[in-house]
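Secondary and tertiary structure notes
Listed below are the residues making up each chain.
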Protein chains: 2
Amino acid sequence: MTETTSPALRVALAYYQAWTSRDLDTAMSYIADDIVCDAPAGRLQGAAAYRAFMGPFTQILKHAELIASFGDDTTAVIVYDTETVPVPSAPAAECVTVRDGKIAYSRFIFDRAPFDAARAATAT
Amino acid sequence: MTETTSPALRVALAYYQAWTSRDLDTAMSYIADDIVCDAPAGRLQGAAAYRAFMGPFTQILKHAELIASFGDDTTAVIVYDTETVPVPSAPAAECVTVRDGKIAYSRFIFDRAPFDAARAATAT
């Protein structure tokens, strides 16, 4: 794993390591109770909503690979690719703000189109 | 603009400043002739293909706002939000590898879904 002097990145990477190992409880220990996450489908508010967003994704996750990670005192960015059951390559970026050792804000970027297409193909 | 000691980030930010000012010629001066770009719709190879990808986007761009930017000697990540004619908020992340002062590889992440939806709405 990348060594870093960035406190925000240490939290982001610990969170990433946990959820990509499908350890949702440990991942959620790095998420603030009042997290705000701007995800492709809209804004999520609160840890329960965030868990409901990430939980199903960990279920379909087959493999994740970190592409890049950077951070400073309060902000970190992680870029990674995921292999999931419906989509063979779904890269994502998370730009997070860390407060008191937990992710308080997240800008979550990925392409929904291949997931929409896979869902439509299954529905037919 | 962010000051940085990262050579890769200096190139990425100069490129970003140019294309978000709709100065495609200057933006392309930071793109390697043999650029490889993994974009949501697939892999683009070569500067001409990259220009054909970015050109139409600069035409619909109304405003861009940098959210975060980080880099080291060879890699940079920029995260930004865009306001475009069809989509009011379309955040994106670009993770680039810089070689000889130009972007040689780019992993380009954004959500195609709102653009697809806007196109479908226009088509009806």
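All of the points below concern the structure found in this document. The model shown is predicted, which means the values in this text are computed figures rather than measured ones.

1. A short note on the side chain of B:Ser106
In this structure, B:Ser106 sits in strand β6 (residues 102-110). Every residue in contact with B:Ser106, bar those within four places of it in the chain, is listed here: B:Val36, B:Cys37, B:Asp38, B:Glu94, B:Cys95 and B:Val96.

2. A look at the sheet that holds strand β5 (residues 92-99) of chain B
All names here are of chain B. The strand order across the open sheet built from 6 strands is β2-β1-β6-β5-β4-β3, with neighbouring strands paired in mixed fashion. Edge positions in the sheet fall to β2 (42-45) and β3 (61-71), since each of these pairs with one other strand and no more. Sheet twist, expressed as the mean angle between neighbouring strand axes with direction ignored, is 20°. Here strand β1 (residues 31-39) pairs with β6 via 4 bridges, running parallel. Bridge assignment links Cys 37 to a residue of β6, and that residue is Ser 106. Contacts from helix α1 (residues 7-20) reach β1, β3, β4 (75-84), β5 and β6 within the one sheet, and its direction differs from that of β4 by about 15°.

3. Quick look at the interface of chain B and chain A
Opposite the 23 residues of chain B that make contact, chain A presents 23 residues. For the chain B and chain A pair, buried surface summed over both sides reaches about 1700 Å², with 73% attributable to carbon and sulfur atoms. For chain B, the biggest contributors to the area lost against chain A are B:Phe70, B:Arg107 and B:Ile109; these three give 35% of the whole. Ionic pairing is found between A:Asp81 and B:Arg107, a salt bridge with its closest N-O pair at 4.0 Å. In this structure, the connection of chain B to chain A is made through 2 residue pairs in polar contact (both at pLDDT 80 or more). Among the secondary structure elements, those contributing two or more residues to the side of chain B that touches chain A are β3, β4, β5, β6 and α4 (113-123) of chain B. Here the side of chain B that touches chain A is composed, by residue class, of 14 nonpolar, 3 polar and 6 charged.

4. Examining the pairing of β5(B)
Residue and element names in this part refer to chain B. Burial analysis of β5 places 6 of its 8 residues in the buried class, the great majority of the element. Here 6 bridges tie β4 to β5, and the two strands are oriented antiparallel to one another. In the strand pairing of β5, Tyr 80 is matched with Ala 92. Relative to β6, β5 runs antiparallel, the two sharing 8 bridges. When the sheet's bridge partners are listed, Cys 95 is paired in β6 with Arg 107. The turn linking β5 back onto β6 is made up of 2 residues, and Asp 100 within it adopts a positive phi angle of 55°.

Quick notes on the rules
- Residues numbered from 1 in each chain as written.
- Chains lettered and ligands numbered in written order.
- Predicted model: local features only at pLDDT ≥ 70, side-chain atom pairs only at ≥ 80, totals over all residues.
- Heavy atoms only, no water.
- Helix = DSSP H or I, 4+ residues; strand = E, 2+ residues; numbered from the N terminus.
- Contact = heavy atoms within 4.5 Å.
- Pairing = 2+ DSSP bridges.
- Axes fitted to C-alpha atoms, helices over the stretch in contact; angles between N-to-C directions.
- Buried area = accessible area lost by both parts, 1.4 Å probe.
- Salt bridge = Lys/Arg side-chain N within 4 Å of Asp/Glu carboxyl O.
- Polar contact = N/O pair within 3.5 Å; in protein donor to acceptor, adjacent residues only side chain to side chain.
- Nonpolar A, V, L, I, M, F, W, Y, C, P; charged D, E, K, R; others polar.
- Buried < 20%, exposed > 50% of the residue type's maximum accessible area, 1.4 Å probe, protein only.

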